[in-house]
Amino acid sequence: MERENFGSKIGAVLAAAGSAVGLGNVWRFPIETGQNGGAAFIIIYVLCILLLGLPIMISEFLIGRYTHANTAGAYRIVSNGSPWKWVGRMGVFTGWFILCYYVVVGAWTMHYTFLSVTNAFYEVPAQEYEGIFDRFVANPWVPTLWLFLFIGVIHYVITRGVQSGIERSAKVMMPTLFVLTIFLAICSIMLPGAKQGIEFLLRPDWSKVDSTTILDAMGQAFYSLSLAMGCLCTYASYFDKKTPLAKSAVNVAVIDTLIAIMAGFIIFPSVFNIGMNPNEVGAGAGLTFVSLPNVFQQALGDGSFLAVIFSTAFYFLLFVAALTSAISLHEVATAYVAEEFGFTRKKGATIVTLVVLVLGTLCSLSFGPLSGVTLFGRNIFSLFDDLSGRILLPLGGMLISIFAGWVLDRKLYRNELSNAGDLCTPYFKLLIFSLRYIAPLAIGLVFLDQVGVFEVFK
Ligand code: PFF
């Protein structure tokens, strides 16, 4: 089967950045930063990116580009038939799994964009926002309809192919995302009281930093860069031989971090503007769909034109961020199904979409009609979230770093990294050192933390 490549280097970087920049940048990073020592947290986060994130991202790029195959096929090729081939299959499985719950939140961003544009938050009392969200997610029909629409958009992009679908959409959506982020950040910093918000986000407070903070920063860096889910490996399989791997990885990490910090500039000035305590705004869905709609109305004038524009732009930004990440997750599974089972791309994508429709609907209904279905005290959505984020992700990351550092042929690594000798790679030894020692150890600790081992000793 003819395999497509990305048509340009910028297209390749934008697509990978689209995978990295997602909900995690907006609903987790800013609040974690504010509560964990501001600039102190950012410094630790950047160190995690440099020491663990980049070496693993470069390795995933390298394995994908070297093999020009889907993630499972890629690891089968580089593992020479050894059990390491399972790392690739695990990546595909993790990506597919994450997609099933990620689309649920993507659908919520569409609904909130719709509510914002129709000025539905006008004159809603502050205490009502929680009820609005709870009733929405518990409704058996409305979230499911948005879910089908969201998955439909992903399916459309994927079936258009690598260049006309993924690359072209990234070239439109990523600049849109930058413009929206800058617009929203500027509006927010101009609000009275913004200074306090920026201080909350940036003032370094090392007293807040402890071992948990460092583990949090590592976990966040990992999730935010879309590591260990086959996305980067799959996208890199469409890179051409001239794409500089390390430079592309640095570009993706810089874009991802900048957007995450700017999301903080959007959120906290408005939170402080209305005199709200930032520690009470929550994180994740609570922050995004309960606190923020209220914050925006109050800060910008209830029902005002500015509030409508700001709120619409914010949820549309989230929608775009979620969509580009979801596309990358879908592509991991599509490339796998199509190539490993010999289907056409369209047929592979259809199979993936059908599975995501079924499992995604179950995740979505777990807030309503299926809320009684639980395992280990978690509903279906949380099970998907926890299993992938807490267990499969760190485990996959650790295995990738061990494989790349200890098993993968060193000459092959260097040759691929330097584009067959075209580029200088003065950082090579440090990279390998990190892959061999720092990354497996650090990720191992995150893993133990995520599964709750350290809780026992507290
Ligand atoms: N990196 C995305 C975020 O920060 O929201 C989430 C994500 C996308 C994770 C794609 C994993 C992935 F493969």
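On a predicted model such as this, the values are computed, not experimentally measured, just so you know. (Residues numbered from 1 in each chain as written. Predicted model: local features only at pLDDT ≥ 70, side-chain atom pairs only at ≥ 80, totals over all residues. Heavy atoms only, no water.)

1. Focus on the overall build of the chain
Here's step 1: Across its full length, the chain carries 19 helices and two strands.
Here's step 2: What you see for the chain is a C-alpha radius of gyration of 21 Å, in line with the 23 Å of a compact globule of 458 residues.
Here's step 3: Taking the principal axes of the C-alpha coordinates as reference, the chain spans close to 65 × 50 × 45 Å.
Here's step 4: Here the chain, with 458 residues, has 60% of them falling under the buried criterion.
Here's step 5: Taking as baseline every contact in the chain between residues at least 6 positions apart, the subset at least 24 positions apart corresponds to 82%.
Here's step 6: Total accessible area on the chain stands at roughly 18,000 Å², and carbon and sulfur atoms take up 67% of it.
Here's step 7: Separation between the mean location of the 28 positive side-chain charges and that of the 27 negative ones in the chain comes to 11 Å. (Helix = DSSP H or I, 4+ residues; strand = E, 2+ residues; numbered from the N terminus. Rg over C-alpha atoms; globule rule 2.2 N^0.38 Å. Buried < 20%, exposed > 50% of the residue type's maximum accessible area, 1.4 Å probe, protein only. Contact = heavy atoms within 4.5 Å. Areas by Shrake-Rupley, 256 points an atom, 1.4 Å probe, with all protein chains shown as cover. Lys, Arg positive; Asp, Glu negative; His and termini not counted. Charge placed at Lys NZ, Arg CZ, Asp CG, Glu CD.)

2. Brief notes about the packing of aromatic side chains
One pair of aromatic rings is described through two measures. These are the centre distance and the angle between the planes.
Here's step 1: By the definition in use, this model includes 38 aromatic pairs.
Here's step 2: Here Tyr-112 and Phe-136 contribute two aromatic rings whose centre-to-centre distance is 6.2 Å and whose plane-to-plane angle is 65°, an arrangement assigned as edge-to-face. Placement of the pair is Tyr-112 in helix 6 (residues 85–117) and Phe-136 in helix 7 (residues 129–138), with a sequence separation of 24 residues.
Here's step 3: Residue classification places Phe-136 among the buried residues on the basis of a relative accessible area of 6%.
Here's step 4: Cation over ring: Arg-28 sits above Tyr-223, and NZ or CZ is 6.0 Å from the ring centre.
Here's step 5: The positively charged end of Arg-89 is found above the aromatic ring belonging to Trp-86, 4.6 Å away from the centroid. (Phe/Tyr/Trp six-rings, centres within 6.5 Å; stacked < 30°, edge-to-face > 60°. Lys NZ or Arg CZ within 6 Å of the ring centre and 35° of its normal.)

3. Here's the deal with the nonpolar core
Here's step 1: Among the nonpolar cores identified, the biggest contains 162 residues, and Phe-6, Phe-61, Phe-150, Leu-292, Phe-314, Ile-327 and Tyr-413 are the most heavily contacted of them.
Here's step 2: For this core, the element with the highest residue contribution is helix 15 (residues 305–341), accounting for 20 residues.
Here's step 3: Here Ile-327 is in contact with Ile-154, Val-157, Ile-158, Ile-166, Ser-169, Met-173 and Tyr-235, once residues within four sequence places are set aside. (Core = buried A, V, L, I, M, F, W, Y, C linked by side-chain atoms within 4.5 Å.)

4. Observations concerning the site of the ligand
Here's step 1: As a matter of local geometry, the ligand sits amid 15 residues, with Ala-20, Gly-24, Tyr-102, Met-229 and Cys-231 nearest to it.
Here's step 2: A distance of 2.8 Å is found between an oxygen atom of the ligand and a side-chain nitrogen or oxygen belonging to Tyr-102.
Here's step 3: When contributions to the shell around the ligand are tallied by element, the ones reaching two or more residues are helix 1 (9–20), helix 2 (23–27), helix 11 (211–224) and helix 15.
Here's step 4: Here the shell around the ligand is composed, by residue class, of seven nonpolar, eight polar and no charged. (Near = heavy atom within 4 Å. Polar contact = N/O pair within 3.5 Å; in protein donor to acceptor, adjacent residues only side chain to side chain. Nonpolar A, V, L, I, M, F, W, Y, C, P; charged D, E, K, R; others polar.)

5. Focus on unusual backbone geometry
Here's step 1: Look at Asn-119: it is not a glycine, yet its phi comes out positive at around 55°.
Here's step 2: When you line up the elements, Asn-119 lands in the loop between helix 6 and helix 7.

6. Notes on a nonpolar patch on the surface
Here's step 1: A grouping of Ile-43, Val-46, Leu-47, Leu-50, Leu-51 and Trp-206 is seen on the molecular surface, where their side chains present a nonpolar patch of about 550 Å² in accessible area.
Here's step 2: Looking at where Leu-51 falls in the secondary structure, it is placed in helix 4 (residues 39–67).
Here's step 3: A relative accessible area of 37% means that Leu-51 is categorised as partly exposed. (Patch = residues over 30% accessible without salt bridge, like charges linked within 9 Å, V, L, I, M, F, W, Y side chains within 5 Å. Salt bridge = Lys/Arg side-chain N within 4 Å of Asp/Glu carboxyl O.)

7. A word on the packing of helix 5 (residues 71–78) against helix 6
Here's step 1: Axis separation between helix 5 and helix 6 bottoms out at 7 Å; the angle between their running directions is 170°. Considering their axes alone, helix 5 and helix 6 lie roughly antiparallel with respect to each other. Together, Thr-71, Ala-72, Tyr-75 and Arg-76 of helix 5 and Lys-85, Val-87, Gly-88, Arg-89 and Val-92 of helix 6 make up the contact between the two elements.
Here's step 2: The residue makeup of the contact of helix 5 with helix 6, split by class, is four nonpolar, two polar and three charged. (Axes fitted to C-alpha atoms, helices over the stretch in contact; angles between N-to-C directions. Parallel < 35°, antiparallel > 145°, perpendicular 65-115°, else oblique.)

8. Description of helix 18 (residues 410–417)
Since there are 3.6 residues in each turn of an α-helix, residues three or four apart along the chain are aligned in direction.
Here's step 1: Within helix 18 the residues assigned to the buried category are Leu-412, Tyr-413, Glu-416 and Leu-417. End-on, the buried residues of helix 18 take up no more than an arc of 125°, which puts them together on one face.
Here's step 2: The inward-facing, buried residues of helix 18 contact helix 4, helix 13 (245–273), helix 17 (380–407) and helix 19 (428–450).
Here's step 3: Asn-419 sits one or two positions beyond helix 18 and adopts a positive phi of about 50°. (Arc of directions from axis to C-beta.)

9. Some points on the environment of Gln-298
Here's step 1: As for its placement among the helices and strands, Gln-298 is situated in helix 14 (residues 284–300).
Here's step 2: Along the primary structure Gln-298 and Leu-375 are separated by 77 residues, whereas in three dimensions their C-alpha atoms are 40 Å apart.

10. What about the pattern of salt bridges?
Here's step 1: Under the defined criterion, the tally for this structure stands at eleven salt bridges.
Here's step 2: Across the pair Arg-76 and Glu-340 runs a salt bridge whose closest N-O atoms are separated by 2.7 Å. One end of the pair, Arg-76, is in helix 5; the other, Glu-340, is in helix 15, with 264 residues separating them in the sequence.
Here's step 3: Glu-167 is paired through a salt bridge with Lys-171; the nearest N and O atoms lie 3.6 Å apart. Here Glu-167 and its partner Lys-171 are both found in helix 9 (residues 162–189), four residues apart, which amounts to about one turn of the helix.
Here's step 4: A residue is classified by how much of its surface remains accessible, and Glu-167, at 4% relative accessible area, is buried.
Here's step 5: According to the relative accessible area criterion, Lys-171 is partly exposed, its value standing at 39%.
Here's step 6: Among the ionic contacts, a cluster of salt bridges with common partners joins Arg-65, Lys-241 and Glu-416.

11. A few points about the side chain of Ser-19
Here's step 1: The topology assignment puts Ser-19 in helix 1.
Here's step 2: Classification of Ser-19 as buried rests on a relative accessible area of 3%.
Here's step 3: Residues within four places of Ser-19 in sequence aside, it is in contact with Ser-226, Cys-231, Tyr-235, Thr-324, Ser-325 and Ser-328.

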